[in-house]
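# Architecture at a glance
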Amino acid sequence: MLTSGFPPQIVLPQDLPEVLKNFTKEVIRHNPEDVLQFSALYFDNLAQVSQTLEEVVPPTLEQVRAVHARLGGVSMTQTEAMRSACTEAGVPAATVEKAFQLGAFGGGLVEPHEVLVMLVAMMGDGLKAALEATFQVFGDAEGRIDTIDFVRLFGYLAAKDPEIPAGAKEELSGSLGIVEKVTLDAALANEKIKALVA
């Protein structure tokens, strides 16, 4: 048998460069003292998320609106009641669990709007899509949200999105001024949000 004398070609998995790029960004962002421990936690979390990724189907606008109609006026509820409201509205159980993972909600009580914002964030790709869905779910008949409520909802997104800098909620609140209600167009025209969406 003849051999060429060359070592076999190494074939890299197709998603390896993207995985390493995202990992590197997180290391730079968090600047951990113990890189090995951080790495172990990062890849363990990534593996857990990847295992359920195939089962997770983004919720529909109608499903999230149904949950909002049921629990939108409630300030706090039991996590099991929130899960039930979501699944009864047709949101798949795996999707509900993913929203709870994203929000890092524990047992006991949960604020329904926080869970709804996590579901909204799963509906599209990026901050602009999340804001559009936020106005579709939480907006009144004219598509407006009370400014105080909008800033609070944006704060929920900002707290969970590592790409939104700390202090963005406060900066947004200050930049909106004393406007009573805000529309999607006004939100997207806001300089603070423009900088984040760009």
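This text goes with the structure placed above it.
These notes cover the structure that comes with them.

## Quick notes on the side chain of His 113
Locating His 113 in the fold gives a position in helix α6 (residues 112-122). With a relative accessible area of 11%, His 113 lands in the buried category. The contacts of His 113, once residues within four sequence positions are left out, are His 68, Gly 72, Phe 138, Arg 152, Leu 153 and Tyr 156.

## Some remarks on the nonpolar core
Ranked by internal contacts, the top residues of the largest apolar core, which has 44 residues, are Met 82, Leu 119, Leu 131, Phe 150 and Phe 154. At the level of secondary structure, the elements contributing two or more residues to this core comprise α3 (61-71), α4 (79-88), α5 (93-103), α6, α7 (127-138), α8 (147-160), α9 (168-176) and α10 (184-189). Leaving out residues up to four positions away in the same chain, Phe 154 has contacts with Leu 127, Leu 131, Ile 164, Ala 168, Lys 169, Leu 172 and Leu 196.

## Let's talk about α6
Taken across its eleven residues, α6 has nine buried, putting it largely inside the fold. Listed in full, the buried residues belonging to α6 are Pro 112, His 113, Val 115, Leu 116, Val 117, Met 118, Leu 119, Val 120 and Met 122.

## Here's the deal with the pattern of salt bridges
Taken as a whole, this structure holds eleven salt bridges when the rule is applied. For Lys 181, the salt bridge identified is with Asp 140, shortest N-O distance 3.8 Å. Here Lys 181 is found in strand β4 (residues 181-183), whereas its partner Asp 140 is found in the loop between α7 and β3 (144-146), with 41 residues between them in sequence. With a relative accessible area of 27%, Lys 181 lands in the partly exposed category. One continuous salt-bridge network, built from bridges that share partners, spans Asp 140, Glu 142, Arg 144, Asp 146 and Lys 181.

## Digging into the packing of aromatic side chains
Each aromatic ring pair is characterised by the separation of its centres together with the angle its planes make. Taken as a whole, this structure holds four aromatic pairs when the rule is applied. An angle of 80° between the planes, with centres 5.5 Å apart, marks the rings of Phe 100 and Phe 105 as edge-to-face. Phe 100 sits in the buried class, given a relative accessible area of 2%. Seen from their ring centres, Phe 135 and Phe 150 are 5.2 Å apart, and the 40° between their planes marks the pair as tilted. Of this pair, Phe 135 sits in helix α7 while Phe 150 sits in helix α8, and the two are 15 residues apart along the sequence.

Calculation criteria
- Residues numbered from 1 in each chain as written.
- Predicted model: local features only at pLDDT ≥ 70, side-chain atom pairs only at ≥ 80, totals over all residues.
- Heavy atoms only, no water.
- Helix = DSSP H or I, 4+ residues; strand = E, 2+ residues; numbered from the N terminus.
- Buried < 20%, exposed > 50% of the residue type's maximum accessible area, 1.4 Å probe, protein only.
- Contact = heavy atoms within 4.5 Å.
- Core = buried A, V, L, I, M, F, W, Y, C linked by side-chain atoms within 4.5 Å.
- Salt bridge = Lys/Arg side-chain N within 4 Å of Asp/Glu carboxyl O.
- Phe/Tyr/Trp six-rings, centres within 6.5 Å; stacked < 30°, edge-to-face > 60°.

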